[in-house]
Amino acid sequence: MKTMKNIKIYTGLIVIAAMLTMNSCKKDFLDVNTDPNNPIDVTSELILPPAIAHTAFITGGTYQVITGFWAQYWTQGSTGNQYNIYDQYQIPNTTFDRQWVELYSDVLEDFKVLSEKGISENKPNYTAIAYIMEAYVFHVLTDLHGDIPYSEALQGLNNIAPHFDSQQSIYDGLIVMIDKGISNIDYDASAFVPGADDFIYHGDMELWERFANSLKLRIYMRQSEVRPGVAQAGISSLYTNGAIFLEDGMDAEMHFVNSVGYEHPLYTEFINLGRQNIMASNTILNYMIANGDLRIDAFFTPATTGPNAGSHAGIDQGDGKTPTFPSDATPNDFSQPSDLIAGGDAAAVFMSASETYFLLSEAAARGWIADDAQALYEAGITSSFLRWEFSETDASDYYALPQIAFPAAGSQDDKVKAIITEKWVANCGNQSIEGWNDWRRTGYPDFFTVSLTSLIAPGSYPQRLPYPNSEIQTNQNTPAQPDITAKVWWDVN
């Protein structure tokens, strides 16, 4: 099996060529499925690279930013204004028009065509990847927006106004879709497998199976509070049937490269908008400083000017835009996302081994699988330390701290609280969507603070993204716009 290091090297070598294909052919290629009745005939090898890359651009870019704010990893800097609306919790319904349209009309359409092409070309491994990635994208969309078009989606001119499915039915459908992906994996030595066109695993189908099972694990666990019976049965079945999951060095991710026009989307944001907009939130920074967490240097830069020069310094959530914030403060007086998080060659992470260990630890803590919750908790922390090139000893020193140590003698809630809080830390800036999702699902961490510039009801937090104006204007079946504080189906905390 290829190591993650080799996969990153392969990806770095071929990503520019594929990005060039994606950019130069966007009108003809990414939009090939606008009319599914008359698609341009391209091979599976040409569909896969831009579909993955486009997914990474959106989920690792704009969605990473807003959930980074709402997971309280980041806050708006005092000298910028680009993301002030995120801290104000006032999101116009035009904010994510482009992302919604591109995920539906480009990314999901491409994965749909890829699943069909894999069958017609006798390349079932492409079909497998397509189903797994299609499920991933629908999963992201429904978690952000709630009910979305699903069963009637991707029909082109045959149905330009699809109905919105309930999130519960979508979740059930996602499991079926992932299972279809797994069933198409062909391990036969003579089977056709992707190569450099697979930006995530370079055609290693065992890793794709591990990612698929780990994604199912996440989808089941997301239902822990709303349908615990379904969640328990699904996770128990995975475990007792010997499902393989992501382990260290197997993160599902796509690396970008330091070449103009092909850098990580967060890096591009910094270049276009300046680094003055995204500063470290004290919610995460104070926690890491208090616990002497070495990963703080992987996630954030230290301040380089002002009274905190050489040290990490953050801003209380939303405080950068309050009238009382020091008027002479500069962006370099505070910590910002590091190059490992937002550098040109950083990775867009779809799912990590660390997240998988924490999911299994939570399942064990809830009594849903017969395994050692503490060992899995410690494995989740260790995996995160290793990802950022710290040692196992660094990790063990950290989880040996009394305030971090697994509460083996505590209640189930004590254990879940510890697991989710440390999972939140591990997800800082690289899996911000999951950091916000877990907080909505469980209420942990329990030390979030309402933004000081919030414009919604006192004490309230944002619980979803609004439906985009583009969908409202073109689809008469779009439901009434829910309030930003209205919880999605699985959020009953």
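Residues numbered from 1 in each chain as written. Predicted model: local features only at pLDDT ≥ 70, side-chain atom pairs only at ≥ 80, totals over all residues. Heavy atoms only, no water.

Peer 1: What exactly am I supposed to notice about the overall build of the protein chain here?
Peer 2: When you go through the protein chain residue by residue, the secondary structure sums to 20 helices and six strands. With the C-alpha coordinates aligned to their principal axes, the bounding extent of the protein chain is approximately 65 × 50 × 45 Å. Here the protein chain holds 493 residues, and 60% of them are scored as buried. A sequence separation of at least 24 residues applies to 76% of the contacts in the protein chain between residues at least 6 apart. Carbon and sulfur atoms make up 52% of the accessible area of the protein chain, which totals about 17,900 Å². Here the protein chain holds 27 positive side-chain charges and 60 negative ones, and the gap between their average locations is 2 Å. (Helix = DSSP H or I, 4+ residues; strand = E, 2+ residues; numbered from the N terminus. Buried < 20%, exposed > 50% of the residue type's maximum accessible area, 1.4 Å probe, protein only. Contact = heavy atoms within 4.5 Å. Areas by Shrake-Rupley, 256 points an atom, 1.4 Å probe, with all protein chains shown as cover. Lys, Arg positive; Asp, Glu negative; His and termini not counted. Charge placed at Lys NZ, Arg CZ, Asp CG, Glu CD.)

Peer 1: Looking at this structure, I do not really get the pattern of salt bridges. What am I missing?
Peer 2: It is possible for side chains of opposite charge to pair when their charged atoms get near one another. Under the defined criterion, the tally for this structure stands at 22 salt bridges. When the shortest N-O distance is used, the salt bridge between lysine 123 and glutamate 121 registers 3.4 Å. Glutamate 121 gets classed as partly exposed once you look at its relative accessible area, which sits at 22%. With its nearest N and O atoms 2.9 Å apart, the salt bridge here joins arginine 222 to aspartate 143. Highlighted residues: arginine 222 in the loop between helix H9 (205–221) and helix H10 (228–240) and aspartate 143 in helix H7 (residues 124–145), separated in sequence by 79 residues. Residue classification places arginine 222 among the buried positions, given a relative accessible area of 2%. Here aspartate 143 falls in the buried class, since its relative accessible area comes to 1%. The network of salt bridges with common partners includes Glu225, Glu362, Arg366, Lys423, Asp438 and Arg441. (Salt bridge = Lys/Arg side-chain N within 4 Å of Asp/Glu carboxyl O.)

Peer 1: I keep staring at the nonpolar core and nothing clicks. Help me out?
Peer 2: Among the nonpolar cores identified, the biggest contains 133 residues, and Tyr63, Trp70, Phe111, Phe138 and Phe211 are the most heavily contacted of them. The element that contributes the greatest number of residues to this core is H7, accounting for 14 residues. Of all hydrophobic cores here, the second largest spans six residues; its members include Met279, Ile315, Phe325 and Ala329. (Core = buried A, V, L, I, M, F, W, Y, C linked by side-chain atoms within 4.5 Å.)

Peer 1: Where do I start with the side chain of serine 352 in this structure?
Peer 2: Looking at the secondary structure, you find serine 352 in the loop between strand S6 (347–351) and helix H15 (353–365). Here serine 352 is in contact with Leu246, Asp251 and Gln431, once residues within four sequence places are set aside.

Peer 1: What's the story with the environment of glycine 435 in this structure? I'm lost.
Peer 2: Inspection of the secondary structure assignment puts glycine 435 in helix H19 (residues 432–442). On the basis of relative accessibility, which here comes to 2%, the residue glycine 435 falls in the buried class. Spatially, the C-alpha atoms of glycine 435 and tryptophan 70 are 8.7 Å apart, while their sequence positions differ by 365 residues. With residues near it in sequence (within four places) discarded, glycine 435 still touches Ala71, Tyr73, Trp424 and Asn427.

Peer 1: For this particular structure, what's the right way to read the packing of aromatic side chains?
Peer 2: Within a pair of aromatic rings, the relevant descriptors are the distance that separates the centres and the angle that separates the planes. Throughout the structure, instances matching the rule amount to 31 aromatic pairs. With centroids separated by 6.4 Å and ring planes inclined at 55°, the aromatic side chains of tyrosine 136 and phenylalanine 211 adopt a geometry described as tilted. Pair noted here: tyrosine 136 is in helix H7 and phenylalanine 211 is in helix H9, with a separation of 75 residues, a long-range link. Taking the relative accessible area as the measure of exposure, phenylalanine 211 reaches 0% and is therefore buried. Centroid distance phenylalanine 358 to tyrosine 377: 6.3 Å. Interplanar angle 70°. Geometry classified as edge-to-face. (Phe/Tyr/Trp six-rings, centres within 6.5 Å; stacked < 30°, edge-to-face > 60°.)

Peer 1: It is not clear to me how H15 should be interpreted in this structure. Could you clarify?
Peer 2: In this model, H15 (13 residues) spans 18 Å end to end at C-alpha, consistent with the 18 Å of a helix rising 1.5 Å per residue. Most of H15 sits inside the fold, with 13 of its 13 residues counted as buried. (Expected span 1.5 Å × (residues − 1).)

Peer 1: Would you mind going over the packing of helix H12 (residues 282–290) against helix H18 (residues 412–426) with me for this structure?
Peer 2: The description of two helices packed together rests on the angle between their axes and the distance between the axes. Interaxial distance between H12 and H18 falls to 11 Å at its minimum, and their mutual angle equals 105°. Considered as vectors, H12 and H18 are oriented roughly perpendicular to each other. Facing H12, whose interface residues are Thr283, Ile284, Tyr287 and Met288, H18 presents Thr421, Glu422, Trp424 and Val425. Of the residues in the contact of H12 with H18, the class split is five nonpolar, two polar and one charged. (Axes fitted to C-alpha atoms, helices over the stretch in contact; angles between N-to-C directions. Parallel < 35°, antiparallel > 145°, perpendicular 65-115°, else oblique. Nonpolar A, V, L, I, M, F, W, Y, C, P; charged D, E, K, R; others polar.)

Peer 1: Explain unusual backbone geometry here, please?
Peer 2: Apart from glycine, the bulk of residues carry a negative phi angle, and the bulk of peptide bonds sit in the trans form. With omega at 0°, the peptide bond leading from tyrosine 444 into proline 445 counts as cis. Relative to the assigned elements, proline 445 resides in the loop between H19 and helix H20 (469–474). Although it is not a glycine, glutamine 72 sits at a positive phi angle of roughly 60°. Along the chain, the position of glutamine 72 falls in the loop between helix H4 (62–70) and strand S1 (74–76). Despite not being glycine, asparagine 122 has its phi angle at roughly 60°, a positive value. Mapped onto the secondary structure, asparagine 122 falls in the loop between helix H6 (97–120) and H7.

Peer 1: What's the story with helix H17 (residues 392–399) in this structure? I'm lost.
Peer 2: Since there are 3.6 residues in each turn of an α-helix, residues three or four apart along the chain are aligned in direction. Those residues of H17 not exposed but buried are Ala395, Tyr398 and Tyr399. Down the axis of H17, the sector holding all buried residues measures 85°, keeping them to one side. Residues of H17 that are buried sit in contact with H12, helix H16 (373–387) and H18. (Arc of directions from axis to C-beta.)

Peer 1: Sorry, what's going on with the confidence of the model for the protein chain here?
Peer 2: A low pLDDT means the predicted coordinates there should not be read in detail. For the protein chain, the mean per-residue pLDDT works out to 92, and 92% of the residues sit at or above 70. Between residues 1–34, whose pLDDT stays under 50, and residues either more than four places distant or in other chains, the model counts 73 contacts. (pLDDT = per-residue confidence, 0-100.)

Peer 1: Sorry, what's going on with the environment of aspartate 198 here?
Peer 2: Within the element layout of this structure, aspartate 198 appears in the loop between helix H8 (167–183) and H9. Separated by 149 residues in the primary sequence, aspartate 198 and proline 49 place their C-alpha atoms 6.2 Å from one another. Excluding its chain neighbours within four sequence positions, the residues that come into contact with aspartate 198 are Leu48, Ile52, Ile129, Gly203, Asp204 and Trp208. Among the polar contacts made by the side chain of aspartate 198, one reaches the main-chain amide nitrogen of histidine 202 at a distance of 3.1 Å. A distance of 2.8 Å separates polar atoms of two side chains, one belonging to aspartate 198 and the other to tryptophan 208. (Polar contact = N/O pair within 3.5 Å; in protein donor to acceptor, adjacent residues only side chain to side chain.)

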